[in-house]
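# Descriptive analysis of the structure
In case you want the letters, here they are:
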Amino acid sequence: MNESFPVLTETSSLPLLSSMCRVRRGKNFRIQGITVSRPILCLILKGNGLLVLDDIVYEAQAGELFLIKPGLTIDAVAHSGITEFLMLSMEQVNMQRVRGKWNMTASSYLPFEWQAGKMRIRHEQQAAERMAKLYDSYRGELAEHFVSIHSQLHELLQFLSEHRLEENLEKVDPALERSISYMRRFMSEGISMDHLAKIAGLTPSSYSRSFKKAKGMSPTDYLNRLRIEEAKKQLIEENCVLKEVAESVGYGNEYYFSRKFKQMTGIAPSIYMKKHRLRVATISSAGFDEHLHSLGLKPVESLNLGHSQNKKTAEQERNLTNQLEQLRKAKPDLIIGDVSCQPYTDQLKGIAPVVIVEVTDDWKETHIRLAELTGREKQAKHNFKELALHRLEVAPSSTFTSSRDRKHVVWTDRMNSPLIHSQAKGSTLRIPSQHIQRKKKNLLKPVVMHPSTALVHENLSVIGR
């Protein structure tokens, strides 16, 4: 069962081609701070570099296709001699038949739900050929020029729809995508497994198996995640009421909602509501205070209680007592710790709620987790972007003989220069040196985040033409 594009009914929406352009630039090509007003497909023809969409950093290279949605802001830096790409912008026409006449209105959004960013496509070469053919038609003066290019656009979008891949490189099942769209639209209502299976055209057991294979979790867990993500948006709004938020995302009981929220985020919704003004203390041997400083938050107290659980001397016990009393006087709203503070969890809970953050080999995972707990996700993404762009500045493409060499240069710079200054924000990014030395791969793995702002190619702000 394939995802299909609409046919004309009493109410229809059709994607139409707005414009296309082919851009070819030389060394030191950059795009800075362009905000998109229409959906755009961007096909990289030659070269490689970084593409940043709302602070989400992607490595881009020839043959890859990106979807850029309205509201996203673009930054890009090439690290190749020649960069060439095709850009296709679209708009949607909504048509409604009223008393025998068709009324048309334009919209900047498309009638299908694809994630912005790098599109994984099976048969990438065929997709590139279709897009290049559409560009040739767009430039031509054919008698049926208008009909031809729009029909080719529909064929291109249909091809992309049928051959999209998941992150695990398995084919996207449009039937499952429809059920997910239903979850998003009606999450405030009671949603049964039977109804979701019916939307997907499967039996409940087959639907559950297929969903878990595609998404890595059950439909129920996925729905709960959607509900909690929506609740997080509402909880940071002024004058929100916990009970109303719970009901709006499908939890009739606010106590059950609170329990699910804490289970999935690590903190109670009442704390999350004021996370932008929390008094935070850290207890860590992994540099949590440095992470928070780079996010623009100064902890009210930063301690390192050690992780030895052996019998302590009287002096060590007195020192621990003094540190806990010092923490109590700081009056934190939240204590964020790593595994080193687990032996003291009961004592710490008597001071403030405690969240234990697992430290992995990837410092970026720790950074984004701390940002989520303190309401600074946007700053974390900005830090990642600034760091990625800084790597290109300190490691010119002419010195790279391979991607492996490039990564070595990047990490040599990071270890020798622990402070990265952000020109845009005037802030300093501090990353604990122990994590820099431990992690040397997956440097540019995209971090999922929601669009926070709204390229028109005619207005490209280009440096290094």
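Residues numbered from 1 in each chain as written. Predicted model: local features only at pLDDT ≥ 70, side-chain atom pairs only at ≥ 80, totals over all residues. Heavy atoms only, no water.

## Structural notes on the packing of aromatic side chains
Pairs of aromatic rings are described using the distance from one ring centre to the other and the angle between the two planes. Applying the stated criterion across every chain yields a total of ten aromatic pairs. Here Tyr 182 and Phe 186 contribute two aromatic rings whose centre-to-centre distance is 4.6 Å and whose plane-to-plane angle is 40 degrees, an arrangement assigned as tilted. On the basis of relative accessible area, Tyr 182 is assigned to the partly exposed category, the value being 22%. By relative accessible area, which is 23% here, Phe 186 ends up partly exposed. Their ring planes at 70 degrees and their centres at 5.7 Å tell us that Trp 363 and Phe 384 sit as a pair that is edge-to-face. With Trp 363 in helix 13 (residues 363–374) and Phe 384 in helix 14 (residues 377–394), the pair connects residues that are 21 residues apart, well separated along the chain. For the pair shown, Trp 363 and Phe 384 are each scored as buried. Three or more aromatic residues joined by ring pairs make a cluster, and in this case those are Tyr 251, Tyr 256, Phe 257, Phe 261 and Tyr 272. (Phe/Tyr/Trp six-rings, centres within 6.5 Å; stacked < 30°, edge-to-face > 60°. Buried < 20%, exposed > 50% of the residue type's maximum accessible area, 1.4 Å probe, protein only. Helix = DSSP H or I, 4+ residues; strand = E, 2+ residues; numbered from the N terminus.)

## Some details on the nonpolar core
By size, the foremost hydrophobic cluster in this structure holds 46 residues, and its most contacted members are Met 183, Tyr 207, Phe 257 and Ile 336. Ranked by the residues each element gives to this core, the list is headed by helix 6 (residues 219–235), at six residues. Residues Leu 17, Met 20, Leu 88 and Trp 114 belong to the second largest nonpolar core, which totals 23 residues. (Core = buried A, V, L, I, M, F, W, Y, C linked by side-chain atoms within 4.5 Å.)

## Regarding unusual backbone geometry
Despite not being glycine, Asp 54 has its phi angle at roughly 50 degrees, a positive value. Among the secondary structure elements, Asp 54 is positioned in the loop between strand 4 (48–53) and strand 5 (56–61).

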